[in-house]
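Here are the chains, one letter per residue:
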2 protein chains.
Amino acid sequence: MKSFDKASILEAESFFRRDLINSLSGYKSLNLIGTKNNEGKTNLSPFSQVFHIGATPPLVGILFRPHTVERHTLENIIETGFFTLNHVTAEFYKQAHQTAARYEGSEFEATGLEEFYIEGVHAPFVASSPLQVGCQLVEFQTLQVNGAVMVIGSIEYIRVDEKGLRADGSLDLNALGTVTVSGLDEYHIGKRLAKLSYPKPGKELEELL
Amino acid sequence: MKSFDKASILEAESFFRRDLINSLSGYKSLNLIGTKNNEGKTNLSPFSQVFHIGATPPLVGILFRPHTVERHTLENIIETGFFTLNHVTAEFYKQAHQTAARYEGSEFEATGLEEFYIEGVHAPFVASSPLQVGCQLVEFQTLQVNGAVMVIGSIEYIRVDEKGLRADGSLDLNALGTVTVSGLDEYHIGKRLAKLSYPKPGKELEELL
């Protein structure tokens, strides 16, 4: 095992520290976030910081780091109150990565990803995504420690490819072809080990799938 | 595609809504969080809500949902200021899942996972984990929307299996054997598609790995 104490972390080259610290949490969720400002300009950007807040009411959180190009997304959410989350598959993960480039116009046009709309949701979905979630802004707050902004949204609409929706409500991400990201720029698909039974002391775990 | 509007989400059976909403973000990071209270009792619990806050200074966040059994971990962090993050591999993901059972004693003893300590970090690491991170509490705040608690910790110490550490600082999670989780109880390993070059308008992406 290789060890790093605080001093050696802080003394490392900044690219090394950035890549290492960004990798520490493990595999991260990957979503394209779609927004549209009040002038009708759409925006699409990849995010690895989307997380579950609660199921009743259904809420989702996004952490926006300070001083990043992602700020168009945050501005549009605050301006319009709407955003969409869209899973990425192996078929279009390179386009998804490319949406992080600093385009003047819409990332949909620039990368060829197609917009899709439903009534009542101002923001665009990604038509080719197998899991699309329409969300409305509930609140946002700034973290004192480094200026990161946490956005909390209510889940208003879900579209999912039937092949990935099980009878119990859980999603089969292997079947959907959902991609996961590690560090800043490395993409993976998942391969299931098992779905496990509810853990209780003294009870053997069962593989449900 | 199957669609759910807000009304059909809220009218669904609670188990269905819980499993669906928990699956929406995609693959999630999986870490065992190790803590020890001031009486010396250790605690170990699986978490899928660990995320990157920043690299300089190196910071990590954990979201604790309200009213869960995870609260021993939160109490120990607030009491002692220390916690560890430990990646989980296919060799011990069932023991990791089992640590979520409601044990009276330590989850290390109950599941057979071994504690490991380094000087200056009060909390126990998981000896068999290929990536171990020692953290110190910086701040925590409660989200008004549903009482979830966000903990922010500084990264004080990193131990990593050399086979997973690249020269650029990024971690090869496939080589480390890191496991990812979806929904509440489904475990996966990752299989790399590619590591992609920095995206710029008009520039073709390259596969770096």
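Relevant structure appears above.
Residues numbered from 1 in each chain as written. Chains lettered and ligands numbered in written order. Predicted model: local features only at pLDDT ≥ 70, side-chain atom pairs only at ≥ 80, totals over all residues. Heavy atoms only, no water.

Attention now moves to the relation of the copies chain A and chain B. For the pair chain A and chain B, the superposition axis carries a translation of 0.0 Å, the fit reaches an RMSD of 0.0 Å, and the rotation angle comes to 180°. Both copies of the chain, as the preceding transformation shows, are related through a two-fold rotation axis. Of every C-alpha in chain A, the one belonging to G190 of chain A sits nearest the axis of rotation, 2.3 Å from it. Mapped onto chain B, 100% of the interface residues of chain A are again interface residues, and the two copies thus contact each other with one and the same surface. (Least-squares fit on C-alpha atoms with pLDDT ≥ 70 in both. Contact = heavy atoms within 4.5 Å.)

The next thing to look at is the interface of chain A and chain B. Accessible area lost upon the coming together of the parts is a frequently used measure of interface size. Tallying the contact residues gives 102 residues for chain A and 102 residues for chain B. Both sides of the chain A and chain B interface together cover about 9,300 Å² of buried area, and 62% of this is carbon and sulfur. The three residues of chain A that bury the most area against chain B are M1, Y27 and H52 of chain A, which together make up 9% of that side's buried surface. One can count 10 salt bridges joining chain A with chain B. The shortest N-O distance in the salt bridge between E156 of chain A and K6 of chain B comes to 2.9 Å. Counting across the chain A and chain B interface gives 51 residue pairs in polar contact (both at pLDDT 80 or more). Element by element, the count of residues in the side of chain A that touches chain B is highest for strand β13 (residues 186–195) of chain A, at 10 residues. (Buried area = accessible area lost by both parts, 1.4 Å probe. Salt bridge = Lys/Arg side-chain N within 4 Å of Asp/Glu carboxyl O. Polar contact = N/O pair within 3.5 Å; in protein donor to acceptor, adjacent residues only side chain to side chain. Helix = DSSP H or I, 4+ residues; strand = E, 2+ residues; numbered from the N terminus.)

In an α-helix there are 3.6 residues to a turn, and that puts residues three or four apart on one side. Residue and element names in this part refer to chain B. Of the residues making up helix α3 (residues 71–80), those classed as buried are T73, L74, N76, I77 and T80. Relative to the axis of α3, the buried residues are bounded by an arc of 165° and lie together on one face. Structurally, α3 contributes buried residues whose contacts are with β3 (31–36), β4 (42–47), β6 (58–64), β7 (82–87), β10 (131–142) and β11 (149–160). Trailing α3 by a residue or two, G81 shows a phi angle of about 85°, which is positive. (Buried < 20%, exposed > 50% of the residue type's maximum accessible area, 1.4 Å probe, protein only. Arc of directions from axis to C-beta.)

Turning our eyes to something else, we now look at the sheet that holds strand β2 (residues 28–29) of chain B. Taken in spatial order, the six strands line up as β2(A)-β12(A)-β13(A)-β13(B)-β12(B)-β2(B) in an open sheet, and their pairing is antiparallel. Single-partner strands in this sheet number two, and they are β2 (28–29) of chain A together with β2 of chain B. For β2 of chain A and strand β12 (residues 179–182) of chain A, the ladder comprises two bridges, and the chain directions are antiparallel. Across the sheet, residue K28 of chain A finds its bridge partner in β12 of chain A, namely V181 of chain A. (Pairing = 2+ DSSP bridges.)

Next up on the list: the environment of T56 of chain B. Summarising the element assignment, T56 of chain B is placed in the loop between β5 (50–55) and β6. Distance from T56 of chain B to E114 of chain B, taken between C-alpha atoms, is 32 Å for residues 58 residues apart in sequence. A polar atom in the side chain of T56 of chain B sits 3.0 Å from the side chain of R17 of chain A.

Per the counting criterion, the structure on display carries 20 salt bridges over all chains. Connected through shared salt-bridge partners, R166, D172 and R192 of chain A together with E186 of chain B make up one network.

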